[in-house]
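These are the residues of each chain, in order.
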Amino acid sequence: LVFRLAINCFSSDTERQFSASTSPPAAFSSKQTVLEEMADDKFAKFEEKMKAKGLSTAAIAAFKRNYDQLVAGVTGLMPETDIRPVTDLPDLRKMDNVDVTSPEIKTLLSQTAVLKLNGGLGTSMGLEKAKSLLVVKDGKTFLDLIAEQVKHMRATYGSKVAFTLMNSFSTSDDSRGHLAHSHGDLLQEPFIELMQNISPKVDAATLLPATYPEHPDNEWCPPGHGDIYPSLLGSGMLDKFIDAGIQYLFVSNSDNLGATLDLQLLSYFASSGKAFLMEVCERTAADKKGGHLCIKAADGKFSLRESAMCPDADKAAFEDISKHRFFNTNNLWVHLPQLKSTLAAHDGSLPLPLIKNKKTVNPRDSKSAPVFQLETAMGSAIEAFDNAGAVVVPRSRFAPVKTCSDLFVLRSDVYKIAEDSTVEATVDKVPLVKLDDSHYKLVDQLEGLVEAPPSLVAATSLTVKGAVRFSKGVVISGDAVLEAAGSGPAVLQAGQYSGTVKVGEAVQVAV
C-alpha cells in the first residue's frame, strides 16, 4: 500500500514538470529509479515462485509484462478521441468460391493446424469437468464433434491437418480420458495437447505473491487465453509446428460449434500474407454492450476495445453499432513463422493489454485476502502485428454455448448434425430463447425440467417464466411465453403452444 501511494503522490506534481521539459528532472529520475528497484524486488519473488513451479521462461516473461503494467497503474482506457471506427473489411460471403478439389487445398491443409481452446470448466453452467465434455446433441459432446470434424476433413481431402487441444490443469485429465475412450488414435499424435500455463495471484495490498497455506492451489489462477502465445513458445510447440512444415494455425473456442476449418478462409489467409487474421461479425442491438474492433489513431493498427476500456463519457459512442460495426468472434488465424519473429522482436512476450480482475484468494470465501488475477486476451494480439487483418464472417460462425438457453436451442430440432459432424441450422432464423435463470441456469436444472427438447422449427421466440417441465411431444410456434402456475414445477404436456400460456398444475420434479 505504501508503495502504491508513493507512486500516486509523486506523480501528481512531478509528472507535469517532466512533460514540460525535454529531459526528466534529476529528482524524477532518482525517485523513478527507486520505484523501479522496489518493483524489481517484488517481481523477483514472483519469478522465484514461478521457477519453482516449473514454468517456462516465456510464461515468466509474459507475467512480468502484465505485472509491470499493474505496478505502473496502466488503466487501459481507450477514449473515443484515440480511435477510429473500422469502416470497410473483406467479407467471406462476397469472396469467390475456392476449388476444394485443387492440389493447392491439399497442400494448404498439410500446412495447417486446428487448435481448440479447451481450458474452461463451464462453472457458470454448474459443470465441474471440461465444458467440452458436455453432451450437446445426439449423445455427442463438443469434443466428439470436434474430433469427428478433423477426421472427416482428413479423409475427404487426403491431407492430415494437425489437431491440438489447449488444455488447462483442470481439464487435461478428463479430456484425455474421454479421447482415450472415444478417439484413442488422436492421443498418439504429436501435437494433441498444449498445456495452458498458470499465473500467481497478486496480493492487492502488498503487490507481492498471494499466499494461502491452507490450500496452496488457491495461490494460482488461469492467465486468460492470451496465454496461447507464451504457451506455444515456452513448450517448444511453436518450433515443432514450424519444423513439421505447419505454417497456419486456426484457433477457436471448443464451445463454438460454428468455428470450423473453412477452406475459403484458409485459402484467403494463406494468400494474404498476413501474420494474423481475426474473424468478426456485424454488431446488432443485442451486441452493443460488448466490445468492438477499432483502429488506433496513433499508429493505424487494429485494436479491440472492451467495455471496461471505455470512459464513461464515451459510452454512447461505444454502443453505437452504426459507428463501431464489428465484434471479435475469437476465431483467429495465425501465421506461425511471423508469430515467431514477432515474439523475438518483443523479447519473447507479445505486448498485450492487461486485464486486471480483482478477486479474493479463496474464491469461495469473500472474507479472504483481496488479490489481483492478471490475464490477457488472445484477440488483443491483433495490435501486436504490423500486418494484421480482419474479415467479416456470417453469424453462423459464431455460435458459442454460454448458457443453458443456448444449450436448449442446440438440442432442439433447430439444429442438426451434418455428415461432416458440423452442426447446421435447419431454419433461416434461429428463434430467440430465454429460460428463467432461477430454474434453468445450471445444466442439471435444465435436464431435470426437460424430458425431451421441444420442436422449435416453427418458433420465433420462447420465454419461460418459472419452472416449466417439458414433456415429450411439445411444439412451439411463433412467439410463445410459458408461465408456470404456482411456485413449483408445472408440467407442459405434449401439444402445440404459442402466445402466452399459463402452464397447469404444479408437480414434483424427480432429482
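Overview of the structure.

## Section: the overall build of the protein chain
If you tally the helices and strands in the protein chain, you get 14 helices and 25 strands. At 25 Å, the protein chain has a C-alpha radius of gyration in line with the 24 Å of a compact globule built from 511 residues. Structurally, the protein chain occupies a C-alpha span of about 80 × 60 × 50 Å along its principal axes. The buried share of the protein chain, reckoned over its 511 residues, is 51%. Carbon and sulfur atoms make up 52% of the accessible area of the protein chain, which amounts to about 23700 Å² in all.

## Here we look at the packing of helix 4 (residues 103–110) against helix 9 (residues 263–272)
At a minimum axis distance of 11 Å, the contact between helix 4 and helix 9 shows a crossing angle of 80°. Here helix 4 lies roughly perpendicular to helix 9, going by the angle between them. Here Ile-105, Leu-108 and Leu-109 of helix 4 come into contact with helix 9, specifically with Leu-263, Leu-266, Ser-267 and Ala-270. Residues belonging to the contact of helix 4 with helix 9 are distributed by class as follows: six nonpolar, one polar and no charged.

## Let's talk about the sheet that holds strand 13 (residues 302–305)
An order of 1-12-13 is seen for the three strands of this open sheet, with the pairing classed as antiparallel. This sheet does not close on itself; its edge strands, each paired only once, are strand 1 (83–85) and strand 13. Neighbour-to-neighbour, the strand axes of the sheet open up by a mean angle of 50°, direction not taken into account. Direction of pairing for strand 12 (residues 292–296) relative to strand 13: antiparallel, over a ladder of four bridges. Of the residues in strand 13, the one forming a bridge with His-292 is Arg-305.

## As for helix 11 (residues 336–345)
By the burial criterion, the buried members of helix 11 are Leu-336, Leu-339, Thr-342 and Leu-343. Angular distribution of buried residues about the axis of helix 11 spans 115°; they occupy a single face of the element. Exposed and oriented more than 90 degrees from the buried face of helix 11 are Ala-344 and Ala-345. For helix 11, the secondary structure elements touched by its buried residues are helix 7 (228–235), helix 8 (237–243), strand 10 (248–253) and strand 14 (326–335). After helix 11 finishes, the residue Asp-347 shows a positive phi value of roughly 55°.

Rules used throughout
Residues numbered from 1 in each chain as written. Predicted model: local features only at pLDDT ≥ 70, side-chain atom pairs only at ≥ 80, totals over all residues. Heavy atoms only, no water. Helix = DSSP H or I, 4+ residues; strand = E, 2+ residues; numbered from the N terminus. Rg over C-alpha atoms; globule rule 2.2 N^0.38 Å. Buried < 20%, exposed > 50% of the residue type's maximum accessible area, 1.4 Å probe, protein only. Areas by Shrake-Rupley, 256 points an atom, 1.4 Å probe, with all protein chains shown as cover. Axes fitted to C-alpha atoms, helices over the stretch in contact; angles between N-to-C directions. Parallel < 35°, antiparallel > 145°, perpendicular 65-115°, else oblique. Contact = heavy atoms within 4.5 Å. Nonpolar A, V, L, I, M, F, W, Y, C, P; charged D, E, K, R; others polar. Pairing = 2+ DSSP bridges. Arc of directions from axis to C-beta.

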